[in-house]
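Summary of structural features
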Amino acid sequence: MTLREDRSIFEQNTPRRDFLKLSGAGAVVSVLGATRTAHGAGEPATSHRERFDVTAFGATGDSRAIDTTAINQAIEAASAAGGGTVQFPAGSFLCYSIRLKSNVSLYLGPGAIIVAADAPPAGTSGGYDPPEPNQWDKYQDFGHSHWHNSLIWGENISNISILGPGRIWGKGLSRGEGDKALAPGIGNKAISLKNCHNVTLRDISILHGGHFAVLATGVDNLTIDNLLIDTNRDGIDVDCCRNVRISNCSVNSPWDDAICPKSSYALGYARPTDHVTIANCYVTGGYEEGTLVDASYKRIGPDYKASRNGRIKLGTESNGGFRNITVTNCVIDDCRGIALETVDGGLLEDVSINNITMRDITDVPFFLRLGSRTRGPEGTPVGQLRRVLISNVVVSNADSRQATIVTGIPGHPIEDVKFSNIYIQHRGGGTKEDAAINPPENENGYPDPNRFGPMPAHGFFIRHVKGIEVRDVEIQSLQEDFRLAFFLDDVDRADFTHIRLPGGDAGKYSLKNVKDFSLAQSRPFADTYLDSVTQKIL
């Protein structure tokens, strides 16, 4: 089923419901169009706040008329009243830019869909709000640098929420193209927030979200819960945010990342993304767009041109860095794994990743990268990546071209990383020629595992690291693999304990310029300690 073949999952031609009020004898609409109603199951409790039904302001929800003006009037009325809930009944509300206000909630009821209208023809006026000027936009992609050119946006506001169970369909949104500016009137994000606090997004679904289904920049006290996202580029990006809870979300993003904390320079200064929990989420890139939200789960076939990206990633934008991050109880399926990247001068530290299941991983289970792209103002230094704990992970049927990669750059090692209680099954098939590969440093390049090419190891490739512990780890290959299991280069203090590896004649550990190496309780090897070694195969 394609987007065009079954529009029923995007549009619902529900008959227009009468505009009802609670007063038993009839209906009286206030001058602001407000209505007081008893809330139904699942609706926000607003017993002391007015509700503002968008149809009272002239919205039709007929999927033909543009309802933007009526909806923005309802939001303005709620704001003028000191706050309230703007309600969307069943219908398809065709819109350009919806502008959020403080103390206002949007409630998308059952059968309600906000639909992004197609951009007007080139050379004509109207459409989405223009992207605001940003003198810092050269330090990140165009989509990260602008917020107003979105279907729903808010800036410098507080105490807002967008609640379900309705849907946002970014039908007319652009997915953007790297650093290129978009023409006037074009929108490229479903929900976009800048410099806000006390924000809740809950229970809605987002289909075809454009460059970002959700972009939150400089947003503090942010809760994103129980979202269902099926999109054509990034799912959820939280950039320069603090105190963030992303939970119970399902994201299908075949062409880009699913859940992606970032720390760009878009606000004009380096601000870390701090105190973030990602819990109980499912990320994938393996379904045709639209088939996650309608639960038909149609797997991407060979003729469906998609990279099956998906994944959870910190970076690439990393000027401000990342601190105090937890990723727990997540399922990663038919896409890439987990990436931690700091390449623009930021400090990435104190990260805990645990209770993760991965299946059909398309590149590497884990990618930890400290680099020196330093995309930022002149004088941006190399950052740091340290104190990362990864535990209780099962990986099955992973691609074997590369391994888990943990790599800094010369003179700037990754520090204090621990892997424990991990099972990795990959497809195998590596050759003896592959075992001789020396991957490039790629110090200043884009931080992506594919930029390094095939790996000489099928388990872990570890380079420029100070302090790594690998404990209770098992690696198995579905086909015999003639590469090394572990490749260590320029590593200081490496402890391997209770390691189980496939049989065969291939070497297991390659040590190059390694200090303070220990191997214990790992049959068939005797316990081994090496104070310093220039080159050795175990």
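Procedures and definitions
Residues numbered from 1 in each chain as written. Predicted model: local features only at pLDDT ≥ 70, side-chain atom pairs only at ≥ 80, totals over all residues. Heavy atoms only, no water. Phe/Tyr/Trp six-rings, centres within 6.5 Å; stacked < 30°, edge-to-face > 60°. Helix = DSSP H or I, 4+ residues; strand = E, 2+ residues; numbered from the N terminus. Buried < 20%, exposed > 50% of the residue type's maximum accessible area, 1.4 Å probe, protein only. Salt bridge = Lys/Arg side-chain N within 4 Å of Asp/Glu carboxyl O. Contact = heavy atoms within 4.5 Å. Core = buried A, V, L, I, M, F, W, Y, C linked by side-chain atoms within 4.5 Å.

Description of the packing of aromatic side chains
For the structure shown, the criterion picks out 17 aromatic pairs. On the basis of an interplanar angle of 20 degrees and a centroid distance of 5.4 Å, the ring pair of F460 and F486 is categorised as stacked. Placement of F460 in strand β32 (residues 457-477) and of F486 in strand β33 (residues 484-500) is noted, with a sequence separation of 26 residues between them. Neither F460 nor F486 differs from the other in exposure class; each is buried. Clustering of aromatic rings is evident, with ring pairs tying together F366, F419, F460, F486, F496, Y509, F517 and F525.

Here's the deal with the pattern of salt bridges
For the structure on display, the rule yields 32 salt bridges. For D274, the salt bridge is made with R323, and the minimal N-O distance between the two is 2.5 Å. With D274 in strand β22 (residues 273-279) and R323 in strand β25 (residues 322-333), the pair connects residues that are 49 residues apart, well separated along the chain. Each of D257, R311, K313, R336, D363 and D448 takes part in a single network of salt bridges with overlapping partners.

Points about the environment of P131
Its location among the elements puts P131 in the loop between β8 (112-116) and α2 (142-145). Under the relative-accessibility criterion, P131 is labelled partly exposed at 26%. Separated by 52 residues in the primary sequence, P131 and A183 place their C-alpha atoms 9.4 Å from one another. Once residues lying within four places of it in the same chain are set aside, the contact partners of P131 are F142, H146 and N149.

Looking at the side chain of D67
Note that D67 resides in the loop between β3 (62-66) and α1 (68-80). Exposure remark for D67: the relative accessible area of 2% places this residue in the buried category. Among residues more than four places away in sequence, those in contact with D67 are G58, A59, T60, G61, S92, F93, L94 and C95.

A look at the nonpolar core
F486, F496 and F517 are the most contacted members of the largest nonpolar core, which has 121 residues in total. Sequence-distant contacts of F496, that is, excluding residues within four places in its chain, are made with I462, V470, F486, L488, Y509, F517, S518, L519, A520 and S522. Counting residues in each nonpolar core, the second largest holds ten residues, with V364, F367, F461 and F487 among its members.

Notes on the environment of G286
Relative to the assigned elements, G286 resides in the loop between β23 (282-284) and β24 (310-314). Taking C-alpha positions, G286 is 6.3 Å from C335, a pair spaced 49 residues apart along the chain. Residues within four places of G286 in sequence aside, it is in contact with N252, K298, R299, I300, R308 and D334.

Re unusual backbone geometry
T316 follows G315 through a cis peptide bond whose omega is 5 degrees. Of note, T316 is situated in the loop between β24 and β25. Cis geometry is adopted by the peptide bond preceding P524, which originates at R523 and carries an omega value of 5 degrees. With respect to the helices and strands, the residue P524 is situated in the loop between β34 (509-520) and β35 (528-537). Phi is positive for N159, close to 60 degrees, though the residue is something other than glycine. Among the secondary structure elements, N159 is positioned in strand β10 (residues 158-163). Of note, the phi angle at D516 is positive, near 55 degrees, even though the residue is not glycine. Note on placement: D516 falls in strand β34.

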